[in-house]
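Inside the fold
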Amino acid sequence: MRLGIVRGHVVLNPALASFAGRRLVVIEPVTMENLRARNGKGGGKSLVAIDELGAAEGQTVAFTEGREASNPFWPDSAPVDAYCAMIADFIEVQSQ
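Residues numbered from 1 in each chain as written. Predicted model: local features only at pLDDT ≥ 70, side-chain atom pairs only at ≥ 80, totals over all residues. Heavy atoms only, no water.

Summed over all chains, the structure comprises four salt bridges. With its nearest N and O atoms 2.7 Å apart, the salt bridge here joins arginine 7 to glutamate 28. One end of the pair, arginine 7, is in strand β1 (residues 2-10); the other, glutamate 28, is in strand β2 (residues 23-29), and 21 residues separate them in sequence. On the basis of relative accessible area, arginine 7 is assigned to the partly exposed category, the value being 33%. (Salt bridge = Lys/Arg side-chain N within 4 Å of Asp/Glu carboxyl O. Helix = DSSP H or I, 4+ residues; strand = E, 2+ residues; numbered from the N terminus. Buried < 20%, exposed > 50% of the residue type's maximum accessible area, 1.4 Å probe, protein only.)

The next thing to look at is the side chain of asparagine 34. Positionally, asparagine 34 belongs in helix α1 (residues 32-37). A polar atom in the side chain of asparagine 34 sits 3.1 Å from the side chain of asparagine 39. Engagement of the side chain of asparagine 34 in a polar contact is seen with the backbone oxygen of glycine 42, the distance being 3.0 Å. Beyond its immediate chain neighbours, meaning those up to four positions away, asparagine 34 contacts Asn39, Lys41, Gly42 and Gly43. (Polar contact = N/O pair within 3.5 Å; in protein donor to acceptor, adjacent residues only side chain to side chain. Contact = heavy atoms within 4.5 Å.)

Along the chain, the position of isoleucine 27 falls in strand β2. Look at isoleucine 27 and you get buried, because its relative accessible area is 0%. Linking isoleucine 27 and arginine 38, residues eleven residues apart in sequence, is a C-alpha distance of 17 Å. Filtering out sequence-adjacent residues up to four positions away, isoleucine 27 remains in contact with Gly4, Ile5, Lys45, Ser46, Leu47, Ala49, Val61 and Phe63.

Moving on to the sheet that holds strand β4 (residues 60-65). Reading around the circumference, β1-β2-β3-β5-β4 is the order of the five strands in this closed barrel, with mixed pairing throughout. Sheet twist, expressed as the mean angle between neighbouring strand axes with direction ignored, is 55 degrees. Taken together, the six bridges between β1 and β2 define a ladder with antiparallel strand orientation. Among the inter-strand pairings, histidine 9 is bridged to a residue of β2, identified as valine 25. (Pairing = 2+ DSSP bridges. Axes fitted to C-alpha atoms, helices over the stretch in contact; angles between N-to-C directions.)

Glancing now at the nonpolar core. Core analysis: the largest hydrophobic core is formed by ten residues, namely Val6, Val25, Ile27, Leu47, Ala49, Ala55, Val61, Phe63, Ala82 and Cys84. Looking at this core, the elements that each hand over two or more residues are β2, β3 (47-51), β4 and β5 (82-87). Listed in part, the eight residues of the second largest apolar core include Leu24, Ile50, Ala78 and Tyr83. (Core = buried A, V, L, I, M, F, W, Y, C linked by side-chain atoms within 4.5 Å.)

Here it is, written out as structure tokens:
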């Protein structure tokens, strides 16, 4: 699981049946350097994730990738590579 910042959303046309009622969001992963700096920057390569939580643009989320991202669709399958699993209200980073 990684942390990222929601930067926008995606609209499919035509829609996939397995994505019906679900949103797609653009997430920019947050690097540890930017997380410690608390500067609101991501720094990672953006990706598209399924979001059933309603994360707003600018919110920090935790997301899963790969096989774990498709687990919420079980026993059905869905062509998904990333899934927004949590909206973070507060993040505490300890210094090294």
